[in-house]
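Each chain, written out:
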There are 2 protein chains.
Amino acid sequence: MNPGNEKMIKISQAIRRGSKAYLHRQYKVILLVMVVIAAFVYILDVIQHGGIPYVSASFMLGTVASLLAGYVSMDAATITNVRVAQAARESKEKPLVVAYLGGLVLGLMVVSMSLAGVAGMFFLYWWLNGWSGVEKIPTLVMGFGFGASLAALFAQLGGGIYTKAADVGADLVGKVEAGIPEDDPRNPAVIADNVGDNVGDCAGRGADLFESISAENIGSMIIGAALYLLTKNLYFIFFPLVARATGIIGTLVGSLFVKPREGEMPVSAMRRALIAAVITTAALFYFVTSWFGPGHEYLYLASLLGMAAALIIELAIEYYTEIHGPVLDIVRSTETGPATTILSGLSVGMEAPAIPVISVLAALGASYYLGGIYGQINGIPPHFSGIYGTVAATIGMLSLTGIILAMDGYGPIADNASGIIEMSGIEEEVGSEVKDVLDAAGNTTKSLAKGFAMGSAAMASLLLFQAYVDVVRVENFNLMQPVTLIGLISGAILPFFFSSRAIRAVGRTAWEMIKEVRRQFREIPGILEGKNEPDYAKCVDISTKAAQKEMIVPSLVSLIAPIAVGFLLGPVALGGFQIGVTAAGIMLAFLMNTGGAAWDNAKKYIERSGKKGTEEHKASVIGDTVGDPLKDTAGPSLHVLLKLVNNVSIVMGSAILLYSLYLLG
Amino acid sequence: MNPGNEKMIKISQAIRRGSKAYLHRQYKVILLVMVVIAAFVYILDVIQHGGIPYVSASFMLGTVASLLAGYVSMDAATITNVRVAQAARESKEKPLVVAYLGGLVLGLMVVSMSLAGVAGMFFLYWWLNGWSGVEKIPTLVMGFGFGASLAALFAQLGGGIYTKAADVGADLVGKVEAGIPEDDPRNPAVIADNVGDNVGDCAGRGADLFESISAENIGSMIIGAALYLLTKNLYFIFFPLVARATGIIGTLVGSLFVKPREGEMPVSAMRRALIAAVITTAALFYFVTSWFGPGHEYLYLASLLGMAAALIIELAIEYYTEIHGPVLDIVRSTETGPATTILSGLSVGMEAPAIPVISVLAALGASYYLGGIYGQINGIPPHFSGIYGTVAATIGMLSLTGIILAMDGYGPIADNASGIIEMSGIEEEVGSEVKDVLDAAGNTTKSLAKGFAMGSAAMASLLLFQAYVDVVRVENFNLMQPVTLIGLISGAILPFFFSSRAIRAVGRTAWEMIKEVRRQFREIPGILEGKNEPDYAKCVDISTKAAQKEMIVPSLVSLIAPIAVGFLLGPVALGGFQIGVTAAGIMLAFLMNTGGAAWDNAKKYIERSGKKGTEEHKASVIGDTVGDPLKDTAGPSLHVLLKLVNNVSIVMGSAILLYSLYLLG
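Every value quoted in this text rests on a predicted model; they were computed, and no experiment measured them.

Reading the values: the criteria
- Residues numbered from 1 in each chain as written.
- Chains lettered and ligands numbered in written order.
- Predicted model: local features only at pLDDT ≥ 70, side-chain atom pairs only at ≥ 80, totals over all residues.
- Heavy atoms only, no water.
- Contact = heavy atoms within 4.5 Å.
- Buried area = accessible area lost by both parts, 1.4 Å probe.
- Salt bridge = Lys/Arg side-chain N within 4 Å of Asp/Glu carboxyl O.
- Polar contact = N/O pair within 3.5 Å; in protein donor to acceptor, adjacent residues only side chain to side chain.
- Helix = DSSP H or I, 4+ residues; strand = E, 2+ residues; numbered from the N terminus.
- Nonpolar A, V, L, I, M, F, W, Y, C, P; charged D, E, K, R; others polar.
- Least-squares fit on C-alpha atoms with pLDDT ≥ 70 in both.
- Buried < 20%, exposed > 50% of the residue type's maximum accessible area, 1.4 Å probe, protein only.
- UniProt positions renumbered as here; feature names shortened; annotations may be inferred.
- Core = buried A, V, L, I, M, F, W, Y, C linked by side-chain atoms within 4.5 Å.
- pLDDT = per-residue confidence, 0-100.
- Phe/Tyr/Trp six-rings, centres within 6.5 Å; stacked < 30°, edge-to-face > 60°.
- Lys NZ or Arg CZ within 6 Å of the ring centre and 35° of its normal.

Engineer: Which parts of the structure should I look at to understand the interface of chain A and chain B?
Structural biologist: Note: interface size is frequently given as the accessible area lost on complex formation between the parts. Facing the 60 residues of chain A at the interface are 59 residues of chain B. Taken together, both faces of the contact between chain A and chain B bury some 5500 Å²; the carbon and sulfur share is 80%. Interface area lost by chain A to chain B is led by M350, M480 and F496 of chain A, which between them contribute 14%. A salt bridge links R501 of chain A to E351 of chain B, with the shortest nitrogen-to-oxygen separation between them at 3.0 Å. Linking chain A to chain B there are 19 residue pairs in polar contact (both at pLDDT 80 or more). Where the side of chain A that touches chain B is concerned, the elements lending two or more residues are α11 (338–351), α12 (354–378), α13 (382–398), α16 (432–472), α17 (482–523), α19 (552–608) and α20 (615–663) of chain A. Residue contributions to the side of chain A that touches chain B peak at 17 residues, all from α17 of chain A. Per-class residue counts for the side of chain A that touches chain B are 42 nonpolar, 14 polar and four charged.

Right under this line is the structure:
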């Protein structure tokens, strides 16, 4: 495809170089940490598997597979962005299709790499065991989920810090102090800002959902293994893998529908694709679940409930973040200044978790009930089959990952294309209408993907807790026991502490960026007159380094806290800890993601109403700036935190169990 | 004592009238709601106690006793304020003593009314039962705690909405629009603002802690009754009452030390009083616990742990809100504008719960362990005696209520005195130094009291959960069961939803106030020239009415949610629900109270540095305005919410149990 004129190519290559530079440095850090942790995990392998590195190898493969999926997707995104800009010169509808196809790489890479990794490890280990003891194999693969969550934490937190620091730095000095427009090539931080779109929204979210589906697959197989022991039906173990493959088909079928009619908004075309994917996946699931034999329709219904919960979450997020009552409340509150703007956004954010969380809980409760009926028909104890009902619901929800990620991947590509259009001076040729339409769709799809990521993190995390229960073989996590309560409430501290650090990290990194941009304006003559090119690479480098540095403390705390709770207070407290992290984390994530998006859209609404430069607009910009690190750094990183805590607990679970048995004599 | 000159008396009477007008209207609403709920509760009495109104009568007495304690304390406060202003004309040290004595009325009223109410009901019901079946009596008194929590919810939420709406309204139109100083008599909302200090900080916090100690006393007696059945030792039931009386002695001894040395800061004098009270109470507790017989020193240690946790919480709150690292971080972030100011305050608030919550959990865990040792010595099953260990810790912490509330009561009295000094034009005579010293101490004691109220709400709430367990006789709240998890996570939604509504209520009420002040400036000629008096009463009335209206939805939701969860999902889910509310609520309360106070003090620091009117100062004012409804409305109301949910659950527990047994056939 045509990559456009020379200037466009030059800019896109700068973005591409910056993105790669970031990933290279980040990957070095991650691989280093991976090796250190793998060494610790290998101790477990020595104790439990006679030195065969089942857990440590799957751990490393999980990390590497996640990094690879992120790398390829970002590579595709940075190739596509300039082609979307060129397509915008040629037609109104074509840029959408090109951008969507770029995003589709993300969706397909993430889902298929996860499936290949989990299934590959599973069959490899099974074969190494001489095709015997299949029920023990899923537990050996669990390192894969842990590895994926490590990669995701760094990708999402580091990417989130990077993207917001670059954004705030570019805006504060460029727009506010120097008075040049957004995406202006005279701004030294402008390339870093565009790189940020890729590393945060593309690689970050991809790693987040890679982790969700990998951990969920493995967790489901661990739970399935318990049912296999009761029924000798292997399909309880294989169903998660088959379902994942089904989701890929649904994504492909849905993608066929991304053909905008003339004059149609891109969001409508993508919504059509989503609906087509949901219908296809739902229909295929009927056949996929039919292999469960008599009463299979109850498990089918459970999986549909999971999909329904995902759709309700999307509708709720849309209500709170698009132009409806809540955003208009924020718009109105800008009339009385920044303080009331912040307060009304906080109020919207605090209300937002209610509907999504209730819909997740309702899906869990109802699918547990349906699973129980399936169990009655097949003579399986109700608790086991009930839990498998919740597995079916979670799998149902996560079967939509591919199409949602494809739509999400559209966002940063469209943002980049828009930046390239502006920087290469072809804005008038393209026309502001096409550019605005491209932009608007990206915001919607990103916020839909974030809502989906949150909902699926909640489902996956509760499923992983049940897998943890299977691993540590504790029969009871009784809230009457102080040890459970202490674990649980101390778990609730972690998401707050983690968010505090993430927000502070953005502030500190942005400050570094501000100083650098100011320095360049001061020391490099003629930048503002466009006579001299600013040092883009230096800004990319500063953001990259600072992001790596700032993510160390929160990451370490998240890794060490569950291990400390487990060894000091035992496996029951650690179970409570996971639930505490999930309960508090999911509320905070919805609060921050939704509140942030609502502030953002309130600002955009005010700008569209032609009120740029008024006091109302200034207040709305302050709201948006407050919301940025909440919705793009702390919030999305919390999804990963939930699952990381579960995964660490599962991997360390058996060691903690042994240690606590040793203490008891 | 001398109430000062005519003008001072006139102003203080206007504040007193306004405060009484507010309380009268609020009490009407509360008494009406009380009668309606009592009618429902009486159904329980008919089912369970053959129509004898044990629960409904104690419920009504709990409400009325709380209201009475609030009324008398506020009466004392509004008599004292003008005398403090007059004392400031006479000496430097005297105003502190006068204001403290006014606050002491609050401390003593709350503690002794609660003790009299609980003990009185207990002995009355015991006598009515012919001095038999003592183990059943505590459960009959539990309505008292529910009544107290109803009164507290209205007092704290309504008072919080009132005080912040008046504050914001007075500031935004008076200071910002009309450019007149704070507490200027030309501002129509100035009396409402001073009334707000009394209804929020005095009556509101008093009702909050009245509820804590009442519910904790009754909960302890319910748990004690279970131990009485095992040991036939009545002291397990009586200890909470004896301990409460001991706390009163400690408060009185401590108060003897409120004699400032020449030139000493009031806070130092009060800190000396607090230390004296802690030492006295701790010493007396040795004798009081010695009646537990062999091994009593373990329960003594447990009670000391509770006191120690309270002191650690105070130190942590001081670290986060006085001029240390966190507040200086906020001060620095004002240099880059309001957005970074908000973000750094949020970051401070999110970090703040960690130390206080861990210290509460550590006290609970260690006291459970100590209680277990006591049980071993006396042949009591370890879980029972362990829980009694946590009871001893909670009682230890709450034994400091009297002295903390006396210090808290100092705050609004000093604020009012300062307002009267300003409005009556005796400012120069008094000197700004004395006035500033009065003010600063009030802020510190208020924030210490809030920290104590939060910590004790957490302790009381977990204790009430154990009492709930005794009432519904469920043996297991297993987190592996979806029903427990669903209850728990849906519980975590409530504090977020409630806070969202509370924040919005302040915004709406403040808006009413703003419109009224603007109207008066416009329609009453000569206000700003001081020729005509504004209509103070009208502003008081508007805030009063709006506060009553706005608290209806959040209050109803808090009452209905636990009942709905209990009847729809059963007693196990309701147990989880309480823990979810506690875990999420305590984090949010610490976040909002501490973050809000940190913003406030950052602003004060900037003002003291002589930076009034700079951009930094403007940013810090925005931070303070955002923090106000968080720290004075939503945060403190959450303490009450936690306990209200527990109390509703305990009162409805037996009905829910019967209903769920009926469903099971």
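Engineer: In this structure, what is going on with the relation of the copies chain A and chain B? I would like to understand it.
Structural biologist: One copy of the chain maps onto the second through a rotation about an axis and a displacement along it. It takes a turn of 180° to lay chain A on chain B, together with a shift of 0.0 Å along the axis; the resulting RMSD is 0.0 Å. Overall, the copies show the geometry of a two-fold rotation axis. In terms of C-alpha distance to the rotation axis, chain A has N478 of chain A as its closest residue, with the C-alpha 2.3 Å off the axis. When the interface residues of chain A are mapped onto chain B, 98% of them are again interface residues, pointing to one common binding face.

Engineer: How should the pattern of salt bridges be read in this particular structure?
Structural biologist: Between side chains of opposite charge, a pair can form as their charged atoms come close. All told, the structure shown has 70 salt bridges over all chains when counted by the stated rule. Here D541 of chain A and K545 of chain A are joined by a salt bridge, their closest N and O atoms 3.4 Å apart. Residue D541 of chain A and its partner K545 of chain A are both found in helix α18 (residues 536–550); the two are separated by four residues, about one turn of the helix. Of the charged contacts, one joins E516 of chain B and R519 of chain B as a salt bridge, the two residues approaching to 2.9 Å between their closest N and O atoms. Here R519 of chain B and E516 of chain B lie together in helix α17 (residues 482–523), a separation of three residues that amounts to about one turn. A relative accessible area of 24% means that R519 of chain B is categorised as partly exposed. Bridged by salt links that share partners, the residues K164, D167, K450, D600, K604, D628, K631 and D632 of chain A form one connected network.

Engineer: What is the right way to read the environment of E607 of chain A from this model?
Structural biologist: Residues and elements named next belong to chain A. For E607, the location among the structural elements is in helix α19. Look at E607 and you get partly exposed, because its relative accessible area is 27%. A C-alpha to C-alpha distance of 29 Å links E607 and P356, two positions 251 residues apart in sequence. Setting aside anything within four residues of it in sequence, one finds E607 in contact with K612 and H617. Among the polar contacts listed, one links the side chain of E607 to the side chain of H617, at a separation of 2.9 Å.

Engineer: How should I be thinking about the UniProt feature "site: Determinant of potassium independence" (unreviewed entry) in chain A in this particular structure?
Structural biologist: Residues and elements named next belong to chain A. UniProt's feature table lists "site: Determinant of potassium independence" (unreviewed entry) at K446, given in the numbering used throughout. Topologically, K446 is positioned in helix α16. Residue classification places K446 among the buried positions, given a relative accessible area of 12%. With near-sequence residues (within four places) excluded, K446 lies in contact with D201, R205, D408, G411 and D415. A polar side-chain atom of K446 sits 2.8 Å from a polar atom in the side chain of D415.

Engineer: Would you explain the environment of K603 of chain B in this entry?
Structural biologist: All names here are of chain B. On the secondary structure map, K603 appears in helix α19 (residues 552–608). Using a relative accessible area of 13% as the deciding quantity, one classes K603 as buried. It is 7.9 Å that separates the C-alpha atoms of K603 and G623, two residues lying 20 residues apart in sequence. In this structure, K603 is in contact with H617, S620, V621 and D624, ignoring residues within four places of it in sequence.

Engineer: Just to check I follow, could you spell out the nonpolar core for this structure?
Structural biologist: As a rule of thumb, soluble globular proteins bury nonpolar side chains together. Of all hydrophobic cores here, the largest spans 471 residues; its most connected members are I191 of chain A together with I191 of chain B. With sequence-adjacent residues up to four places away left out, I191 of chain B is seen in contact with I11, A14, I15, M423, Y536 and V540 of chain B.

Engineer: How do you make sense of the confidence of the model for chain A when you look at a structure like this?
Structural biologist: One rule of thumb: low pLDDT means the predicted coordinates there are not for detailed reading. Residues and elements named next belong to chain A. Summarising the model, chain A shows a mean pLDDT of 91, and 100% of its residues fall at 70 or more. For chain A, per-element mean pLDDT is lowest for helix α15 (residues 427–430), which scores 82, and highest for α12, which scores 97. Two summary scores accompany this predicted model of the complex, namely pTM at 0.95 and ipTM at 0.94.

Engineer: Hey, could you run me through the side chain of H296 of chain A in this one?
Structural biologist: Its place among the elements puts H296 of chain A in helix α9 (residues 296–321). Not counting residues up to four positions away in its chain, the partners in contact with H296 of chain A are Y286, T289, S290 and Y374 of chain A.

Engineer: Honestly, the packing of aromatic side chains in this entry has me stumped. Any pointers?
Structural biologist: For any pair of aromatic rings, the description consists of the separation of the ring centres together with the inter-plane angle of the planes. Here the structure, examined in full by the defined rule, presents 58 aromatic pairs over all chains. Ring plane angle 40° and centroid distance 6.2 Å describe the contact between F144 of chain B and F210 of chain B, whose orientation is recorded as tilted. Pair noted here: F144 of chain B is in helix α5 (residues 143–178) and F210 of chain B is in helix α6 (residues 190–231), with a separation of 66 residues, a long-range link. For the pair F144 of chain B and F210 of chain B, one class covers both residues: buried. Here the basic side chain of K232 of chain A rests over the ring of Y228 of chain A, its NZ or CZ set 4.9 Å away from the ring centre.

Engineer: So what exactly am I meant to see when it comes to unusual backbone geometry here?
Structural biologist: Most peptide bonds take the trans configuration, and most residues that are not glycine carry a negative phi. The backbone of W131 of chain A shows a phi angle near 55°, a positive value even though the residue is not glycine. The class of W131 of chain A is partly exposed, set by a relative accessible area of 49%.

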